[in-house]
Amino acid sequence: MRAERIVDSLRVEKPGAMRFFAVDGSEYSAAEGLWMKGQLRYAVRACARGDQAAATPHLEGVAEVLKAHH
């Protein structure tokens, strides 16, 4: 999944920085990065339970943020 690859790659350039950078060169605020990581955790748990309906809104939210930065 492309979204998971990008979110997993988010790294802070230096300690205490308020920006996250992804492997594809996109840049996110610390709040966006942490929020996306949390949303993907929720989605993964829901998928593990076989609850696609619960996972979908979390994935759609992440996709919207990623789309806004491209």
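Our structure's up above, just so we're on the same page.
The rules we used
Starting afresh in each chain, residues are numbered from 1 along the sequence in its written order. Under the rules for a predicted model, residues below a pLDDT of 70 receive no local features and side-chain atom pairs below 80 are neither given nor counted, while totals for whole chains, interfaces and linings still include all residues. Only hydrogens and water are set aside; all other atoms, that is, all heavy atoms of the structure, feed into the side-chain values. Helix and strand labels come from DSSP, where a helix needs a run of H or I of at least four residues and a strand needs a run of E of at least two; each type is numbered from the N terminus. An expected span of 1.5 Å times one less than the residue number is assigned to each helix. Contacts are assigned to residue pairs that have any heavy atoms within 4.5 Å of one another. Counted as salt bridges are all cases of a side-chain nitrogen of Lys or Arg within 4 Å of a carboxyl oxygen of Asp or Glu. Three labels apply to residues, based on accessible area from a 1.4 Å probe with only protein chains included: buried if under 20% of the type maximum, exposed if over 50%, partly exposed otherwise in between. Inter-axis angles, ranging from 0 to 180 degrees, are taken between N-to-C directions of lines fitted to C-alpha atoms, where helices are fitted over the stretch in contact. For classification, angles of less than 35 degrees are called roughly parallel, those exceeding 145 degrees roughly antiparallel, those between 65 and 115 degrees roughly perpendicular, and all remaining angles oblique. Crossing handedness follows the turn of the near helix against the far one: under a right angle anticlockwise gives a left-handed crossing, and clockwise gives a right-handed one. Three residue categories are used. Nonpolar comprises Ala, Val, Leu, Ile, Met, Phe, Trp, Tyr, Cys and Pro, charged comprises Asp, Glu, Lys and Arg, and polar comprises the others, including Gly. To qualify as a nonpolar core, a set must consist of buried Ala, Val, Leu, Ile, Met, Phe, Trp, Tyr and Cys residues joined through side-chain atoms within 4.5 Å.

S.K.: So what's going on with helix H3 (residues 52-68)? Residues and values would help.
M.R.: An ideal rise of 1.5 Å per residue puts 24 Å on 17 residues; H3 measures up with 24 Å between its terminal C-alpha atoms. Buried residues in H3 make contact with helix H1 (2-8), strand E3 (27-29) and helix H2 (30-48).

S.K.: Tell me about the pattern of salt bridges, residues and numbers included.
M.R.: Under the criterion given, the structure shown has two salt bridges. A salt bridge links Arg-19 to Glu-27, with the shortest nitrogen-to-oxygen separation between them at 2.9 Å. Overall, the relative accessible area of 34% leaves Arg-19 in the partly exposed class.

S.K.: Hey, could you go over the side chain of Ser-29 for me, with residue numbers and the actual values?
M.R.: Structurally, Ser-29 is set in strand E3. According to the relative accessible area criterion, Ser-29 is buried, its value standing at 19%. In this structure Ser-29 touches Met-18, Arg-19 and Phe-20, once residues within four positions along its chain are discounted.

S.K.: Could you give an account of the packing of H2 against H3, naming the residues involved and the relevant values?
M.R.: At their nearest, the axes of H2 and H3 sit 8 Å apart, and the two run at 150 degrees to each other. It follows from the interaxial angle that H2 and H3 lie roughly antiparallel. H2 and H3 meet at a crossing whose hand is left-handed. Facing H2, whose interface residues are Glu-32, Trp-35, Met-36, Gln-39, Leu-40, Tyr-42, Ala-43, Ala-46 and Cys-47, H3 presents Ala-54, Ala-55, His-58, Leu-59, Gly-61, Val-62, Val-65 and Leu-66. A breakdown of the residues in the contact of H2 with H3 according to their chemical character gives 13 nonpolar, three polar and one charged.

S.K.: So what about the side chain of Gln-39? Which residues, and what values?
M.R.: Looking at the element boundaries, Gln-39 is found in helix H2. Those residues within four positions of Gln-39 in sequence are excluded, and the remaining contacts are His-58 and Val-62.

S.K.: I'd like to hear about the nonpolar core, residue by residue, with values.
M.R.: Core analysis: the biggest nonpolar cluster contains 13 residues, and Val-7, Leu-10, Tyr-28, Met-36, Val-62 and Leu-66 have the highest contact counts within it. Those elements that provide at least two residues to this core are H1, H2 and H3. When residues no more than four places from it in sequence are discounted, the contact partners of Leu-66 are Ala-3, Ile-6, Tyr-28 and Met-36.

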